[in-house]
Every structure is written in structure tokens, then in C-alpha cells.
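Chain residues, written in single-letter form:
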Amino acid sequence: MKSSELLAKIKLHGKPPRHVAIIMDGNGRWAESRNLPRTAGHRAGMEAVREVIEGSIEAGIEVLTLFAFSTENWQRPSIEINALMGLLRLYIQKETDRLRRMDVEVHVLGDLSNVDSTTRKAIKDITTETVGGSKLRLNLMISYSGRKDLVEACRLFAEEVSKQEMSPEDLNEEILSERLYTAGISDPDLLIRTSGEFRVSNFMLWQIAYTELSIVFTLWPDFSRKDLFSAICDYQLRDRRFGRIAGQRIPR
Ligand code: FPP
């Protein structure tokens, strides 16, 4: 089916996922299979990011969260880390205007303490320049770890208890959620992982408790609007029960 037909199908069905999260995987393999340096795969992956943002807006997605760099990725060779940070800066330089015109609000979530000051400045620029974008909220997860996100939330809560702003019995799911990087955003409805790996790799561990999973074999640089639309069509046929039984009303 063509991507325009898939999009028409999404619209006809209605209720697209509100929040889609993607583990963009396979850049290295894409490059290696072409005898190119791994960084060429990341560069090609940047183009796929553009395509998916456009597709998300067309499909009516409200929040798109992209896992761009994990805390574990700091262990890669410095040449690759520098290339990834350079690509992020290039992306910001090339895309900020377009994203603003497309009404996209960009947020960068993660522990930025290890990120160099030039890249941090670029991150600050894209986030301030896109404030107020109302078509799509784009979360770029940089230096992100799901476990660290949870530990940090617990640490924040503990600090509040020690300052007597909170007491231990105040802790509940909502209070914890409000202290995560994703505070105020609904949990992902759909998580897509490319390159055929069947794992979640420390990504949004709390937030994906009831998320529908879509594992696709396409390597990230080859991932297109059509792949996004197919995953959404498939999602629209899922029976989401959130632990209830079929037919019970589910709050959206
Ligand atoms: C995983 O592929 C991908 C990454 C670690 C980086 C993702 C970065 C991009 C898509 C490009 C830049 C994006 C932005 C938003 C500027 P891998 O290297 O683990 O691939 P492999 O498993 O085949 O080795």
C-alpha cells in the first residue's frame, strides 16, 4: 500500500496514537552493509528523523519521542560520540527554522551534564526558539537512561521529604511521574523499535508500562513515513485493555 493510502486508512479509523516513541536503531549496520563508516549511518538516520516528524504531523500524533543517545552510548569510541554530538548540532542548525515553521515544539530530555558546552548551547537555542509550537511536541532523548530517570525522580522526592515539603506517605504513581523527565506528558501509546531487536534497552521503563510495541526489521536510516503509517495502522487494530477485560471502557 502507498503511504497516502495508509494515511487515509489512519484518518478513516480515527484515534491515532497520541504519543509515539521510537528507538532508532540500526544506523551502524546500515553503514557497515554499504562499507561506509558508522557515522555515515547516523547522518542518513538524521534524514529519517525529518521524514518521521513530517509523517507524525500528517497522522495527527501529538507527541513524538526519539531516543537519540543513551547514557550507555557514552561508552562508544570518542570519534563516534563526537560525530553524534556534531550531527546533533548540525541538525539543530539546519532544522530549527523548519521545525518552527512546522509548529513543532522541541524538548531535549536527559542528563546533559556530560554534553559539551557548544552542544548544550545549541540545545538551549532550539528549545527556546521553538517554544509554543502546537502541532507536535518533539522530545529528543539525549544522554537518557530509563533507570537513571527513575533514580533521579526518587532522589528529588527524598530531598523534598528531607526539607519537609513532602512526607513518605505522599509517594504514589502520580507524584513519581511528576518528577520524571517526561512530567506532564501522557505515556507513549506506541513504541517502535527498528532493526529487529526485541528489547527496550533502558528506554522509558516507567512510561511504557502499557505501551503497545512494534518491532520492525527496517534499519533506522531506511525507516520512512510509510513504515510509520504501517505501524500506526497496526496499532489501531490492537485491543488495548490496560489489565481490564474486553468491552470495558478505558479512559483515554
Ligand atoms: C542507534 O544505531 C542509533 C544511535 C545511537 C543514534 C541515533 C542518531 C540518529 C538517528 C541521528 C541523529 C539524530 C538526531 C535527532 C540529530 P546504532 O549505532 O546502535 O546501530 P547498530 O545497532 O546497527 O550498530
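Just above, that's the structure.
Residues numbered from 1 in each chain as written. Predicted model: local features only at pLDDT ≥ 70, side-chain atom pairs only at ≥ 80, totals over all residues. Heavy atoms only, no water.

Draft legend 1. Structural detail: the site of the ligand. In the vicinity of the ligand, 17 residues are found, and the nearest of them are Asp25, Gly28, Arg29, Arg38 and Arg76. At 3.0 Å from an oxygen atom of the ligand is found a side-chain nitrogen or oxygen belonging to Asp25. Here an oxygen atom of the ligand sits 3.2 Å away from a polar atom, N or O, in the main chain of Asn27. Burial of the ligand by the protein chains amounts to 92% of its free accessible area of 630 Å². Taken together, the elements giving at least two residues each to the shell around the ligand come down to α2 (27-32), α3 (38-59) and α4 (78-101). Looking at side-chain class alone, the shell around the ligand contains 7 nonpolar, 6 polar and 4 charged residues. (Near = heavy atom within 4 Å. Polar contact = N/O pair within 3.5 Å; in protein donor to acceptor, adjacent residues only side chain to side chain. Areas by Shrake-Rupley, 256 points an atom, 1.4 Å probe, with all protein chains shown as cover. Helix = DSSP H or I, 4+ residues; strand = E, 2+ residues; numbered from the N terminus. Nonpolar A, V, L, I, M, F, W, Y, C, P; charged D, E, K, R; others polar.)

Draft legend 2. Fine view of the packing of aromatic side chains. Tallied over the full model, the rule gives 8 aromatic pairs. Judged by centre distance (6.0 Å) and plane angle (85°), the ring pair of Tyr144 and Phe203 falls under edge-to-face. With Tyr144 in strand β4 (residues 136-144) and Phe203 in the loop between β5 (190-193) and β6 (212-215), this pair connects stretches of sequence that are 59 residues apart. Arranged with centres 6.2 Å apart and planes meeting at 55°, the rings of Phe198 and Phe217 form a pair that is tilted. One end of the pair, Phe198, is in the loop between β5 and β6; the other, Phe217, is in the loop between β6 and α8 (225-236), and 19 residues separate them in sequence. Assessed through its relative accessible area of 60%, Phe217 is described here as exposed. (Phe/Tyr/Trp six-rings, centres within 6.5 Å; stacked < 30°, edge-to-face > 60°. Buried < 20%, exposed > 50% of the residue type's maximum accessible area, 1.4 Å probe, protein only.)

Draft legend 3. A look at the environment of Glu62. Within the secondary structure layout, Glu62 lies in the loop between α3 and β2 (63-70). The exposure class of Glu62 is partly exposed, given its relative accessible area of 45%. When the C-alpha positions of Glu62 and Ala8 are compared, they lie 18 Å apart, and in sequence the two are 54 residues distant. Not counting residues within four places of it along the chain, the set of residues in contact with Glu62 comprises Arg18, Lys135, Leu136 and Arg137. (Contact = heavy atoms within 4.5 Å.)

Draft legend 4. Main features of the sheet that holds strand β3 (residues 104-109). Taken in spatial order, the 6 strands line up as β3-β4-β2-β1-β5-β6 in an open sheet, and their pairing is parallel. Two strands lie at the open edges of the sheet, namely β3 and β6, each paired on one side alone. Geometrically, the sheet is characterised by an average inter-axis angle of 20° between neighbouring strands, direction not taken into account. Here β5 runs beside β6; their pairing, made up of 4 bridges, is parallel. Counterpart to Ile192 in the pairing with β6 is Ser214. (Pairing = 2+ DSSP bridges. Axes fitted to C-alpha atoms, helices over the stretch in contact; angles between N-to-C directions.)

Draft legend 5. Representation of the pattern of salt bridges in the model. Taken as a whole, this structure holds 28 salt bridges when the rule is applied. For the salt bridge of Arg225 with Glu58, the shortest nitrogen-to-oxygen distance reads 2.8 Å. Note that Arg225 is positioned in helix α8 and Glu58 in helix α3, a separation of 167 residues in sequence. The salt bridge involving Asp125 is made with Lys121; its shortest N-O contact spans 3.0 Å. In this pair, Asp125 and Lys121 both sit in helix α5 (residues 117-129), 4 residues apart, roughly one turn of the helix. Judged by its relative accessible area of 26%, Asp125 is partly exposed. (Salt bridge = Lys/Arg side-chain N within 4 Å of Asp/Glu carboxyl O.)

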